[in-house]
Amino acid sequence: MSPRQADPGLGARLVEEAAGILAEEGYTHFGSMDDLVRAIVREGFARLDQRMGEVAATGDPVADVAALGLAYRGNALDHHYLYGVMFGGSGPGGFSLTDEDRQHGRYTLEPLVRAITAAMEAGRFRAGDARLVAHQMWIALHGLVTLELGGFLVPPYDAEHCFAAQVHGLLVGAGAAPEAARSALERAGVPSPVG
């Protein structure tokens, strides 16, 4: 199994290792396994928020949207065990997310909402509900990243190829002209999709 593939037997030890928390310290500090895992989920969202916040706004809001997609994917690849727990895909020791846990991480969408709003205001995307567009992009990239982490994206449709094509399609779907979307991808550091 590659390190990026989902581990159906993911236990507390792997989650704690990913978060840099030792089991003995964790139980003492957090009181219960559920509290420990909940803290790890929140740490995962804090890391995602930090990564998204590192994407500086430029003069090209469409490139900014692409760069945020790249940051989202990069964070998931760098913290793949956390990613699985954050979104409820891997629940060690019977832990499952509560509604409050699920709502907690929504703040990480704000940089994307701002970039989409800027693209709409600049006439680069169609006017509309920026928060809904952000959700559509999040849903699409979450699916792609989940498949990538599971090892399902293989040549000729490997993760790099699919990511570039997916982001290009999302930008065009939001209203960017196809060539402008390609240029924005290149400015964001995403190789242009083939075809």
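Given the structure is predicted, the values throughout are model-derived calculations rather than measurements.

Another aspect to go through is the overall build of the protein. Assigned secondary structure in the protein consists of ten helices and zero strands. In sequence order, the protein lays out its α and β elements as α-α-α-α-α-α-α-α-α-α. Scored against the burial criterion, the 195 residues of the protein give a buried share of 42%. Across the protein, contacts joining residues at least 24 apart in sequence account for 67% of those joining residues at least 6 apart. Working note: accessible area of the protein is about 9900 Å², and carbon and sulfur atoms make up 56% of it.

With that out of the way, let us pick up the environment of E179. By the element assignment, E179 lies in helix 10 (residues 178-188). Here the alpha-carbon distance between E179 and H168, two residues eleven residues apart in the chain, equals 9.6 Å.

Before going further, it helps to spend a moment on the pattern of salt bridges. What the rule picks out here adds up to ten salt bridges. Between R187 and D60 there is a salt bridge, and its shortest N-O distance comes to 2.1 Å. With a gap of 127 residues between them, R187 in helix 10 and D60 in the loop between helix 3 (33-53) and helix 4 (61-78) connect regions that are remote in the sequence. Note that E110 is salt-bridged to R131, the shortest N-O span being 2.7 Å. Placement of E110 in helix 7 (residues 110-121) and of R131 in helix 8 (residues 130-149) is noted, with a sequence separation of 21 residues between them. Take R131: its relative accessible area is 39%, and that puts it in the partly exposed class. Each of D60, R124 and R187 takes part in one network of salt bridges that share partners.

This part takes up the nonpolar core. The biggest cluster of nonpolar side chains holds 54 residues, and the ones touching the most others in it are V65, L112, I116, F125, M137 and L171. Going through the elements one at a time, helix 3, helix 4, helix 5 (80-86), helix 7, helix 8, helix 9 (159-173) and helix 10 are the ones with two or more residues in this core. By residue number, the principal contributor to this core is helix 4, which donates ten residues. Setting aside anything within four residues of it in sequence, one finds V65 in contact with L112, A115, I116, F125, M137 and L171.

Calculation criteria
- Residues numbered from 1 in each chain as written.
- Predicted model: local features only at pLDDT ≥ 70, side-chain atom pairs only at ≥ 80, totals over all residues.
- Heavy atoms only, no water.
- Helix = DSSP H or I, 4+ residues; strand = E, 2+ residues; numbered from the N terminus.
- Buried < 20%, exposed > 50% of the residue type's maximum accessible area, 1.4 Å probe, protein only.
- Contact = heavy atoms within 4.5 Å.
- Areas by Shrake-Rupley, 256 points an atom, 1.4 Å probe, with all protein chains shown as cover.
- Salt bridge = Lys/Arg side-chain N within 4 Å of Asp/Glu carboxyl O.
- Core = buried A, V, L, I, M, F, W, Y, C linked by side-chain atoms within 4.5 Å.

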